[in-house]
Amino acid sequence: MIDANVTDFDEAIKIGNEFKKLINSKSKKLEIDIDNVFERMLLLQKKKYAAVELKGDGTRVTQVKGLDQKRREYCN
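In short, a report on the structure. Just so we're clear, the structure is a prediction, and the values are computed from it rather than from any experiment.

What counts as what
- Residues numbered from 1 in each chain as written.
- Predicted model: local features only at pLDDT ≥ 70, side-chain atom pairs only at ≥ 80, totals over all residues.
- Heavy atoms only, no water.
- 1 Å grid on protein atoms, 1.4 Å probe; cavity = no way out; pocket = protein on both sides within 12 Å on 5 of 7 lines; lining within 4 Å.
- Points joined across faces, edges and corners; volume = space filled by probe spheres on them.
- Helix = DSSP H or I, 4+ residues; strand = E, 2+ residues; numbered from the N terminus.
- Nonpolar A, V, L, I, M, F, W, Y, C, P; charged D, E, K, R; others polar.
- Patch = residues over 30% accessible without salt bridge, like charges linked within 9 Å, V, L, I, M, F, W, Y side chains within 5 Å.
- Areas by Shrake-Rupley, 256 points an atom, 1.4 Å probe, with all protein chains shown as cover.
- Salt bridge = Lys/Arg side-chain N within 4 Å of Asp/Glu carboxyl O.
- Lys, Arg positive; Asp, Glu negative; His and termini not counted.
- Charge placed at Lys NZ, Arg CZ, Asp CG, Glu CD.
- Buried < 20%, exposed > 50% of the residue type's maximum accessible area, 1.4 Å probe, protein only.
- Contact = heavy atoms within 4.5 Å.
- Expected span 1.5 Å × (residues − 1).
- Polar contact = N/O pair within 3.5 Å; in protein donor to acceptor, adjacent residues only side chain to side chain.

## Here we look at the layout of surface pockets
The rolling of a water-molecule-sized probe over the atoms marks out the regions of remaining empty space. Roughly 820 Å³ of internal volume is contained in the largest pocket. Forming the walls of the largest pocket are 25 residues, and the residues nearest its centre are M1, I2, N36, V37 and F38. Counting only elements with at least two residues in the lining of the largest pocket, the list comes to α1 (9-26), β1 (38-45) and β2 (48-54). The dominant element in the lining of the largest pocket, judged by the number of residues it contributes, is α1, at five residues. Considered class by class, the residues forming the lining of the largest pocket number 14 nonpolar, four polar and seven charged.

What follows is the structure, encoded as structure tokens:
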């Protein structure tokens, strides 16, 4: 993950592609790629996060990985 410190999707992709090109040119055994662009992210532990993914068309999708969203021991 890299923090591009921008709010525009196209600018984030541009910075990500420059970073990807730099890393891939320096290392022959490691190759990276861009998976997602997150607008906001709450990172608790490794593989445990909640994030707002920003798509190319401007839509936002909430992703939650490894977190309990609803606890069963609480009453309705």
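## Section: a negative patch on the surface
Taken together, the side chains of D8, D10, E11 and E18 present a region of like negative charge at the surface. Tracing the chain through its elements places E18 in helix α1.

## Re the environment of M41
Mapped onto the fold, M41 is located in strand β1. Given a relative accessible area of 31%, M41 falls into the partly exposed group. Considering only alpha carbons, one finds M41 and E53, twelve residues apart in sequence, at a separation of 8.7 Å. Contacts of M41, omitting those with residues within four sequence positions, involve M1, Y49, A50 and A51.

## Thoughts on α1
Along its 18 residues, α1 runs 26 Å from first to last C-alpha, staying within 8% of the 26 Å computed at 1.5 Å per residue. Of the surrounding secondary structure, the elements contacted by the buried residues of α1 are β2.

## Topic: the side chain of E53
Mapping E53 onto the fold places it in strand β2. At a separation of 2.5 Å, a polar atom in the side chain of E53 contacts the side chain of Q63. Those residues in contact with E53 that lie beyond four places of it in its chain are N36, V37, F38, T59, R60, V61 and Q63.

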